[in-house]
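Observations on chain architecture
Chain by chain, the residues run as shown.
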Amino acid sequence: MGNDPDVMRFIGPPSTMAAAEAARGRVDAVLAEHGYCFWAVERKSDGAFIGFCGLQPGYGVLEGQTEIGWRLRRDAWGQGFAREAAQASLGWGWANLAIPAITAITVPANTRSWGLMERLGMTRDHDADFDHPAVPDGSPLRRHLTYRIARPISRPATP
Amino acid sequence: MIETERLILRPWREDDKPAFEAIINTPAMMTHFGGVRPAADIHALIDRQMEKQAADGHCMWAVETKADGALAGICGLRLGGHPDTPVDGVYELGWRIAERHWGQGIAREAAEASRDWGWANTPATSIAAWTSIANAPSWGLMIRLGMQRRADLDFRHPLYLGNDDPEGDMIVYAIDRPR
């Protein structure tokens, strides 16, 4: 997945096996420390690994916030898997973490990504655009958008 | 008066009312405030700020852009909160910035200056802010101002007591005075 140029178009250069292993190590460390992470997504029908989706504690500009993210194999696109996985991840977050809100980031050109953020009920925080420090100056992938969703309020019915 | 890199925050003048109404009373600006209102309602909002300025020495001030001296919105500290709610008597940080300035960090610049003015010039031990759950740019800025979610202070806005419009459910964020 990580070396598919289509999948990586809005992320950065296609990754090497070594980079993928390093990323896996980071995810494992997040899981060990926090009990959740960007999980592996398996398709139940055949047990195939089709990508990742989940929550992680934000770092850098997202310090103190909880981030939702996803990435799917090219052949798993267009079938609603990302939405299904992301919806479940949001629900898991509200049920299991004492967090008020969840944040997502993407680049302006990645319309599929922020399109899903909107379909998940997330709202763009138009004043929270930022330049991603890990992306080189001048790259079209440097500017990032921020989307947010707040924990749904459960309010007793008014008498 | 507060001066920041791009902005001036100052008390209101009677002749600000038409300009304020022009930038504030639009469908996009009023989405989370009950929609476009009669002009008199918007003017009354300025009257209330002038009263707070006279009584407390501060209010949610007029925000001007230094480059052109034009009114850009409202931002500042209002003392009082809402009676019969968990935010009764608190220092409230609030802002509304004209659509043409969205995405430029103007609200953040004005809000940070207002917050810091509060620490320097009032006895506030904490400063709170609130908005509806649907207004993510607003509570997003609360997060970026260093505020923490305070679900224990959530309240139903007094203007929405007679209905169950979700816009009336206020979620509260607050920050304690730095030690």
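Before reading on, note that the structure itself is shown above.
Read on for an overview of the structure. (Residues numbered from 1 in each chain as written. Chains lettered and ligands numbered in written order. Predicted model: local features only at pLDDT ≥ 70, side-chain atom pairs only at ≥ 80, totals over all residues. Heavy atoms only, no water.)

A word on the overall build of chain B
Assigned secondary structure in chain B consists of 4 helices and 9 strands. Its helices and strands taken in sequence order, chain B reads β-β-α-α-β-β-β-α-β-α-β-β-β from the N to the C terminus. At 15 Å, chain B has a C-alpha radius of gyration in line with the 16 Å of a compact globule built from 179 residues. Over its C-alpha atoms, taken along the principal directions, chain B stretches across nearly 40 × 40 × 35 Å. Every one of the 179 residues in chain B was classed for burial, and the buried ones make up 53%. Across chain B, every contact between residues at least 6 apart in sequence was considered, and the portion connecting residues at least 24 apart equals 63%. Counting every atom, chain B has about 8,100 Å² of accessible surface; 52% of that belongs to carbon and sulfur. Of the charged side chains in chain B, 19 are positive and 26 negative, and the gap between their average positions amounts to 4 Å. (Helix = DSSP H or I, 4+ residues; strand = E, 2+ residues; numbered from the N terminus. Rg over C-alpha atoms; globule rule 2.2 N^0.38 Å. Buried < 20%, exposed > 50% of the residue type's maximum accessible area, 1.4 Å probe, protein only. Contact = heavy atoms within 4.5 Å. Areas by Shrake-Rupley, 256 points an atom, 1.4 Å probe, with all protein chains shown as cover. Lys, Arg positive; Asp, Glu negative; His and termini not counted. Charge placed at Lys NZ, Arg CZ, Asp CG, Glu CD.)

Side note on the pattern of salt bridges
All names here are of chain A. All chains considered together, the criterion is met by 25 salt bridges over all chains. Where Arg-74 meets Asp-6, a salt bridge forms, and the shortest distance between an N and an O atom there is 3.5 Å. One end of the pair, Arg-74, is in the loop between strand 3 (66–72) and helix 3 (81–96); the other, Asp-6, is in helix 1 (residues 5–8), with 68 residues separating them in the sequence. The exposure class of Arg-74 is partly exposed, given its relative accessible area of 37%. Exposure remark for Asp-6: the relative accessible area of 42% places this residue in the partly exposed category. Across the pair Asp-28 and Arg-24 runs a salt bridge whose closest N-O atoms are separated by 3.1 Å. (Salt bridge = Lys/Arg side-chain N within 4 Å of Asp/Glu carboxyl O.)

Some words on the environment of Gly-121 of chain A
Residue position: Gly-121 of chain A is located in the loop between helix 4 (111–119) and strand 5 (123–124). Each C-alpha atom of the pair Gly-121 of chain A and Gln-87 of chain A lies 9.8 Å from the other, and the pair is 34 residues apart in sequence.

Considerations on the interface of chain B and chain A
With 20 residues of chain B at the interface, the matching set in chain A holds 16 residues. Overall, the association of chain B and chain A removes approximately 1,500 Å² of surface from exposure, summing both partners, and the carbon and sulfur fraction of that is 62%. Linking chain B with chain A are 1 salt bridge. Here Arg-144 of chain B and Asp-125 of chain A are joined by a salt bridge, their closest N and O atoms 3.3 Å apart. Put simply, the parts of the chain that give the side of chain B that touches chain A at least two residues each are helix 4 (136–144) and strand 9 (169–176) of chain B. Broken down by element, the residue count for the side of chain B that touches chain A peaks at 7 residues, all from helix 4 of chain B. (Buried area = accessible area lost by both parts, 1.4 Å probe.)

Examining the packing of helix 1 (residues 17–24) of chain B against helix 2 (residues 39–56) of chain B
Two quantities define a packed helix pair, namely the angle between the axes and the distance from one axis to the other. All names here are of chain B. Interhelical geometry of helix 1 versus helix 2 gives an angle of 120 degrees and a closest axis separation of 9 Å. The pairing of helix 1 with helix 2 is recorded here as oblique in orientation. Here helix 1 and helix 2 pass one another in a crossing that is right-handed. Along the contact surface, helix 1 presents Lys-17, Pro-18, Phe-20, Glu-21 and Ile-24, while helix 2 presents Ala-39, Ile-42, His-43, Leu-45, Ile-46, Asp-47 and Met-50. (Axes fitted to C-alpha atoms, helices over the stretch in contact; angles between N-to-C directions. Parallel < 35°, antiparallel > 145°, perpendicular 65-115°, else oblique. Left-handed = near helix turned anticlockwise from the far one by under 90°.)

Overview of the packing of aromatic side chains
Per the stated rule, a full pass over the model turns up 6 aromatic pairs over all chains. Between Phe-38 of chain A and Phe-52 of chain A, the ring centres sit 5.5 Å apart and the planes meet at 10 degrees, which makes this aromatic pair stacked. In this pair, Phe-38 of chain A sits in strand 1 (residues 38–42) while Phe-52 of chain A sits in strand 2 (residues 49–57), placing the two residues 14 residues apart along the sequence. Assessed through its relative accessible area of 17%, Phe-52 of chain A is described here as buried. Summarising the aromatic geometry, the rings of Trp-61 of chain B and Trp-117 of chain B are spaced 5.0 Å apart at their centres and angled 80 degrees between planes, so their arrangement reads as edge-to-face. Linking Trp-61 of chain B in strand 3 (residues 60–65) with Trp-117 of chain B in helix 3 (residues 106–121), this pair joins segments that are 56 residues apart in sequence. Of the aromatic side chains, those joined through ring pairs into one cluster are Tyr-36, Trp-39 and Trp-92 of chain A. Above the ring of Phe-33 of chain B, the side-chain terminus of Arg-96 of chain B is found at 3.6 Å from the ring centroid. (Phe/Tyr/Trp six-rings, centres within 6.5 Å; stacked < 30°, edge-to-face > 60°. Lys NZ or Arg CZ within 6 Å of the ring centre and 35° of its normal.)

Points about unusual backbone geometry
Non-glycine residue Asp-84 of chain B carries a positive phi angle of around 60 degrees. Note that Asp-84 of chain B resides in the loop between strand 4 (71–79) and strand 5 (91–97).

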